[in-house]
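# Fold and contact review
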Amino acid sequence: MDEETPHAWHGIVCDVLKRHQVKLVAYVPDNVLRPLIDAMHADPFFTAFSCAREEEAVGIVSGAWMGGLRGIVLMQTSGFATLPNAIASLAVPFQIPVLMLVSERGTLGEFNIGQSLVARTMRPVLEALAVEHHTMTRLDEVEFIVDRSITQAVATQAPCVFILSPLLTGGKVFAK
Amino acid sequence: MSFAANHPARRDQAKVMNRFDITKRMVTRLKHDEAVIGGIGYTNFDLWAAGQRPQNFYMLGSMGLAVPIALGVALAQPARKVIALEGDGSILMQLGSLATVAARKQQNLAIVIMDNGTYQITGGQPTSTELGADIVAMARGAGIAQSAWAADEGAFEELVELSLREDGPWLIGCRIDKEKPADTTERDPPRIRDQFMRGLGVKR
């Protein structure tokens, strides 16, 4: 897949976020997310900045929602593993539709054992908290999943997690 | 910084004040529907006890996230002043957020730290501020230049008024005693969030 084409996964994500007026982007960087983060920084529609920690990003996006500004948190799987408390004590009980996009590491060619182990905690946590989540594996499903899920998150006042599978992004490959 | 001329340079030079008393002094000075994010624990309880306002958000859990939540509100509503009210144990969990606030140069944000050197609600175990850590110095190090210890109650009021009048970000450090809070926050998250959004004019 050519990352420069407008119909790459990150271009679709940007388009759908714009359609839903999701302007605030709080992230902890990830290599797979780089083209998305770069595109958001380059586009004046978005206010994008990095945070020291994923919990902090969830707090910022939660506050922004209550103030009338929609936002999304970007992170990788190991960062998601720091979030169960913030999701369980802020987003879910206060009924705040925090959108989260997770670049999935730890599977399909992972070279770092820490990543492969921590990645296994993600879906059980999401299931335990009954948080809506979708794994995106194909380009042709990205728009439908993100578009419909943002509508649902807002309508039902519930957080939602989008998982970017290496099947979609190519993932991070073993360097040496 | 000239504003800090009358304020102590170090934590151990600041007067130990009463949390409920100075919380009331702060709330009394909020005349323009300023938003206040109350972190967890007794800081939160005394904000509740100081008079419930629709522009107050009372956290219940997510320890350490008062500053990030306040930053989010401040980003969403740049014309409104936003105050994060946080304890020493809580801010120590999320010191990185001070650097994020500084990097954003968030003009409409003030952070008030209630520092009694203990995790009071869990039994009074000492925090590292009791052992030498200085939150105001750390905030300056993170890039929040307008950070000061309140010398006493009068100085606290002066700093609050300054932070509401002038561009931030601000951080006001308050040494407080270990008195019990005056009340307990009602634990009803959807109601708290709904009232807060109406108080901010986001919902009608």
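This report concerns the structure included in the present document. (Residues numbered from 1 in each chain as written. Chains lettered and ligands numbered in written order. Predicted model: local features only at pLDDT ≥ 70, side-chain atom pairs only at ≥ 80, totals over all residues.)

## Regarding the pairing of strand β6 (residues 160-164) of chain A
Residues and elements named next belong to chain A. Threshold: Neighbour density around each residue's C-beta defines its exposure: 20 or more other C-beta atoms within 10 Å make it buried, 12 or fewer make it exposed, and counts between make it partly exposed, where C-beta atoms are placed from the backbone. Only DSSP runs of H or I covering at least 4 residues are called helices, and only runs of E covering at least 2 are called strands; the numbering of each starts at the N terminus. Being paired, for any two strands, means DSSP has found at least two bridges between them.
For β6, a buried count of five out of five residues is recorded, marking the element as mostly surrounded by other parts of the structure. What you see with β6 is no split at all: C160, F162 and L164 on one side and V161 and I163 on the other are buried throughout. The sheet contact formed by strand β4 (residues 99-103) and β6 spans five bridges and is parallel. Paired with L99 across the strands is C160, a residue of β6.

## Quick notes on the packing of helix α1 (residues 9-19) of chain A against helix α8 (residues 139-156) of chain A
Residue and element names in this part refer to chain A. Heads up, the rule is: Angles here are taken between N-to-C directions and fall from 0 to 180 degrees, while the axes themselves are lines fitted to C-alpha atoms, restricted in helices to the stretch in contact. Should an angle fall under 35 degrees it is taken as roughly parallel, and over 145 as roughly antiparallel, whereas 65 to 115 is taken as roughly perpendicular and any remaining angle as oblique. In this scheme the crossing of two helices becomes right-handed for a clockwise turn of the near helix relative to the far one and left-handed for an anticlockwise turn of less than a right angle. We call two residues in contact when the distance between their C-beta atoms, placed using the backbone, is within 7 Å.
For the pair α1 and α8, interaxial distance at closest approach is 9 Å and the crossing angle is 20 degrees. The orientation of α1 relative to α8 falls into the category roughly parallel. Crossing geometry of α1 relative to α8 is assigned as right-handed. Residues W9, I12, V13 and V16 of α1 lie in contact with α8, whose contacting residues are L139, V142, E143, V146 and D147.

## Things to note about the interface of chain A and chain B
Many structure descriptions define interface size as the accessible area lost when the parts assemble. What counts, and what does not: Each residue gets one label: Ala, Val, Leu, Ile, Met, Phe, Trp, Tyr, Cys and Pro are nonpolar, Asp, Glu, Lys and Arg are charged, and the others, such as Gly, are polar.
On the chain B side, the residues contacting the 26 residues of chain A number 27 residues. At the level of secondary structure, the elements contributing two or more residues to the side of chain A that touches chain B comprise β2 (47-50), α3 (54-66) and α5 (84-91) of chain A. A class-by-class count of the residues in the side of chain A that touches chain B yields 14 nonpolar, nine polar and three charged.

## With respect to α5(A)
Residue and element names in this part refer to chain A. What counts, and what does not: It is the directions from the helix axis to the C-beta atoms whose arc is reported.
Taken residue by residue, α5 has A86, I87, L90 and A91 as its buried positions. Angularly, the buried residues of α5 cover 100 degrees about the axis, an arc narrow enough to put them on a single face. Taken together, the buried residues of α5 touch α3.

## Comments concerning the nonpolar core
So the rule is basically this: A set of buried residues qualifies as a nonpolar core if it consists of Ala, Val, Leu, Ile, Met, Phe, Trp, Tyr and Cys joined through C-beta atoms within 7 Å.
Of all hydrophobic cores here, the largest spans 116 residues; its most connected members are V61(A), V73(A), A70(B) and I172(B). If near-sequence neighbours (up to four positions away) are discounted, V61(A) is found in contact with L24(A), A26(A), G71(A), I72(A), V73(A), V98(A) and G72(B).

## Thoughts on the environment of T169(A)
All names here are of chain A. Position of T169 among the secondary structure elements: in helix α9 (residues 166-169). When the C-alpha atoms of T169 and P93 are compared, they prove to be 33 Å apart, with 76 residues separating the residues in sequence. Those residues within four positions of T169 in sequence are excluded, and the remaining contacts are W9, V32, S103 and L164.

## Details of the packing of helix α1 (residues 19-28) of chain B against helix α7 (residues 153-165) of chain B
Residue and element names in this part refer to chain B. Closest axis-to-axis distance for the α1/α7 pair is 10 Å, and the angle between their directions is 35 degrees. Of the two elements, α1 crosses α7, and the hand of that crossing is right-handed. Facing I22, R25 and M26 of α1, the residues of α7 in contact are E153, F156, E157 and V160. For the contact of α1 with α7, the class distribution of residues is four nonpolar, no polar and three charged.

## Topic: unusual backbone geometry
Between G168(B) and P169(B) the backbone carries a cis peptide bond, its omega angle lying at 5 degrees. On the secondary structure map, P169(B) appears in the loop between α7 and β8 (170-175). At Q21(A), a residue that is not glycine, the phi angle is positive and equals roughly 60 degrees. Within the element layout of this structure, Q21(A) appears in the loop between α1 and β1 (22-27). Not every positive phi belongs to a glycine, and D33(B) is a case in point at roughly 55 degrees. The residue D33(B) is located in the loop between α1 and β1 (35-38) in this model.

## Some thoughts on the sheet that holds β1(A)
Strand pairing in a sheet relies on backbone hydrogen bonds. The paired strands run either parallel or antiparallel. Residues and elements named next belong to chain A. The strand order across the open sheet formed by six strands is β2-β1-β3-β4-β6-β5, and the pairing between neighbours is parallel. Strands at the two margins of the open sheet, each flanked by one partner only, are β2 and β5 (132-136). Sheet twist, expressed as the average angle between the axes of neighbouring strands with direction ignored, equals 20 degrees. Sheet topology note: the β5/β6 ladder contains five bridges and is parallel. From the neighbouring strand, T135 faces β6, where its bridge partner is I163. Of the strands in this sheet, β1, β2 and β3 (70-76) touch helix α2 (residues 34-42), which is tilted by about 130 degrees from β2.

## Things to note about the sheet that holds strand β3 (residues 82-87) of chain B
Residue and element names in this part refer to chain B. The six strands lie next to each other as β2-β1-β3-β4-β8-β7, forming an open sheet whose pairing is parallel. Every interior strand has two partners, whereas the edge strands, β2 (56-58) and β7 (146-149), have only one. Within the sheet, the average angular offset between the axes of one strand and its neighbour, ignoring direction, is 15 degrees. As paired strands, β1 and β3 are joined by four bridges and run parallel to one another. Residue pairing for β3: V36 is matched across the bridge by I83. Contacting β4 (109-115), β7 and β8, helix α6 (residues 135-142) crosses the sheet at an angle of about 170 degrees to β7. The sheet strands contacting α7 are β4, β7 and β8, and the helix crosses β8 at an angle near 165 degrees.

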